[in-house]
Amino acid sequence: MTDTQKPVRVRFAPSPTGKLHIGGARTAIYNWAFARATGGTFVLRIEDTDPERSTDENTQIILRALRWLGLDWDEGPEVGGACGPYFQMQRMDTYAAALERLKERDAAYPCFCTKEELDAKRAKAEKEEGGYAGYDRTCRCLSHEEAAARIAAGEDHVWRIKVPEDRGAIEFDDAVYGHISFPADVMDDMILVRTDGSPTYNFAVVCDDANMGITHVIRGDDHLSNTPRQILIYEALGYETPTFGHLSMILGPDGKKLSKRHGATNVEEYRDRGYLSDALVNFLALLGWSLDGETTIISREVLTSQFGLDRITKKDAIFDETKLNWMNGVYIREMDAPEWVAASKRWIAEAAVQGANVADGVNVVPTPEQGEDPLPLAITAEDEGYAEAVSAALADIEEDPAFYEKLYPLVIERLARLDDIPAKLEFIFWGANVRLDEKSVKKVLLKEGARADEALRACREVLAREDLPWEAEALQEACRALCEPMDMKPKLMFQPLRVAVCGNMVSPPLFESIELMEPEDVLARIDGVLASVFEA
Ligand code: GLU
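Everything numeric in this text was worked out from a predicted model, so none of it was measured.

About the criteria used
Residues numbered from 1 in each chain as written. Predicted model: local features only at pLDDT ≥ 70, side-chain atom pairs only at ≥ 80, totals over all residues. Heavy atoms only, no water. Pairing = 2+ DSSP bridges. Helix = DSSP H or I, 4+ residues; strand = E, 2+ residues; numbered from the N terminus. Axes fitted to C-alpha atoms, helices over the stretch in contact; angles between N-to-C directions. Buried < 20%, exposed > 50% of the residue type's maximum accessible area, 1.4 Å probe, protein only. Polar contact = N/O pair within 3.5 Å; in protein donor to acceptor, adjacent residues only side chain to side chain. Contact = heavy atoms within 4.5 Å. Parallel < 35°, antiparallel > 145°, perpendicular 65-115°, else oblique. Nonpolar A, V, L, I, M, F, W, Y, C, P; charged D, E, K, R; others polar.

**Thoughts on the sheet that holds strand β3 (residues 108–111)**
- Within the open sheet, the three strands sit side by side as β3-β4-β7. Their pairing is antiparallel. The outermost strands of the open sheet, each flanked by one partner alone, are β3 and β7 (191–193). The sheet shows a mean angle of 45 degrees between the axes of neighbouring strands, taken without regard to direction.
- Relative to β7, strand β4 (residues 158–161) runs antiparallel, the two sharing two bridges. Each residue of the ladder has a partner; that of R160, found in β7, is I191.

Next comes the structure, spelled out in structure tokens:
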């Protein structure tokens with residue numbers, strides 16, 4: 001409950017002119033969490049009045065992204081509610097009714113000034129007065145009779161707000177920024193309804209917020225300059241103003257406003273890069289709000305019970321991807337194997353498809369540059385048959401998840417994003433083939449004095465033993481037992497095997513990986529490497 005004891009009603013009001021941006025997602029999270037923490041109502045409203053840039057497709061993308069984030073709305077598209085419809089284009093009658101109300105209250109007037117006249121006035125003011133102070137209120141002086149006659153005669157007109165002469169500064173207490181004051185003289189008699197009868201942005205927002213009983217308007221601070229105008233509209237309509245709370249900007253690590261330049265900016269890109277929605281919600285919640293100034297891992301339960309406007313900061317928030325990756329890893333590690341498979345299916349399927357497309361025995365591939373995938377891809381989404389292969393792999397995962405659950409301990413400790421899975425796990429699916437990382441060949445297999453070929457041959461013999469169970473621990477112990485008699489350190493014994501079977505020096509746990517492969521494939525990989533690297 002708020003001070004006034006009115007149940008909280010908040011809204012998220014995206015314009016479907018693009019996808020759901022990270023900044024918009026944070027605004028949605030704050031509104032949602034505030035509604036949940038106060039037992040209030042979270043309304044979703046689609047502001048689709050810009051006919052050129054709004055599309056149904058974007059609306060669908062936004063709804064999908066909100067659902068993926070787990071931000072359920074109590075009223076809005078698809079769920080309905082008592083204050084609908086929740087698309088502005090379907091609320092035109094409410095804006096017309098609001099205009100009637102303004103006329104009755106003598107709080108708006110028709111303006112017949114043409115665009116040319118207004119442009120000329122602006123140009124003159126800029127030249128002679130050093131700036132344009134807004135509409136000069138020419139039509140405000142018209143008598144009601146004259147205005148009515150000109151309307152009746154079909155003359156084009158807009159409707160402007162009649163800002164009271166003695167209004168004074170427009171002041172309000174922002175829930176985040178504190179007390180804010182805008183001088184009234186910067187507010188001109190703004191247009192509320194255009195010549196074609198459509199409402200302007202500020203007018204529609206106020207009508208909707210008022211009609212939907214919104215108690216708190218929490219939104220990005222790019223809307224701060226709209227707020228005094230909107231307050232004037234509330235006053236003109238004779239409605240109580242809600243509490244406003246403006247959220248500071250999200251900046252990239254370079255201190256500039258977060259944009260495409262910094263990488264992914266919309267929610268679906270984050271989903272596709274293998275971030276978990278729980279982690280993203282946690283991370284975004286902390287871009288400007290804190291629980292206690294130090295807790296970083298905050299569950300939805302805590303967020304939706306503890307969130308409050310009093311702990312939102314007005315400092316700009318820095319989007320730190322390293323922190324997001326760390327946090328995502330924490331959430332990944334909280335999953336158990338079945339949850340991990342369920343969340344990772346599409347990437348495990350990709351690993352299987354990538355792996356199965358490695359052919360022709362042993363290939364040495366160039367070591368990728370810093371930041372590149374550990375292996376160049378064998379096949380890409382554009383290649384023929386890729387999509388079918390991925391669906392087949394997905395079907396297999398769904399049918400028999402048990403095998404895939406065994407992949408979980410191989411990667412779970414060091415996985416920051418789920419889309420790292422294909423590169424990390426494709427080697428499991430290589431069959432008898434190997435892709436050898438060039439640098440690992442030089443540094444491990446061909447290292448002077450390392451006797452890598454001897455190590456490989458000895459390990460191969462152990463792995464070929466019929467009497468040993470094909471289990472990680474048994475195989476590892478038997479290989480380790482080779483070290484002493486051969487006078488070789490375990491690292492020199494195991495690294496060549498790792499490179500020969502997994503392709504590089506940094507693979508997941510070696511023997512646990514080997515256990516998941518077919519013995520004949522493992523032996524074939526070793527034979528292939530021995531032949532191509534040492535006997536060629
Ligand atoms: N539709 C506006 C936007 O997407 C939000 C309006 C508001 O929150 O008041 O930026």
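There's more to say after this.
**Side note on the pairing of strand β9 (residues 243–247)**
- With four of its five residues buried, β9 lies for the most part within the structure.
- Across five bridges, strand β8 (residues 216–220) lies against β9 in parallel orientation. Across the sheet, residue V217 finds its bridge partner in β9, namely F244.

**With respect to the side chain of Q495**
- By secondary structure assignment, the location of Q495 is in helix α21 (residues 490–502).
- On the basis of relative accessible area, Q495 is assigned to the buried category, the value being 18%.
- One polar contact links Q495 to R498, side chain to side chain, over a distance of 3.1 Å.
- Beyond its immediate chain neighbours, meaning those up to four positions away, Q495 contacts V444 and M505.

**Quick notes on the packing of helix α1 (residues 22–38) against helix α9 (residues 277–285)**
- Axis separation between α1 and α9 bottoms out at 9 Å; the angle between their running directions is 85 degrees. Classed by the angle they form, the pair α1 and α9 counts as roughly perpendicular. Between α1 and α9, the residues in contact are I22, A25, R26, I29 and Y30 and V281, L284 and A285, respectively.
- The class makeup of the residues in the contact of α1 with α9 is seven nonpolar, no polar and one charged.

**So, unusual backbone geometry**
- The residue after G84, namely P85, is reached through a cis peptide bond having omega -5 degrees.
- When you line up the elements, P85 lands in the loop between α2 (56–69) and α3 (92–104).
- With a phi angle near 65 degrees, D360 is a residue other than glycine that sits in the positive phi range.
- Take D360: it is sitting in the loop between α12 (337–356) and β12 (362–365).
- If you check the backbone angles, R451 has positive phi at about 55 degrees while not being a glycine.
- Relative to the helices and strands, R451 is located in the loop between α17 (438–445) and α18 (452–463).

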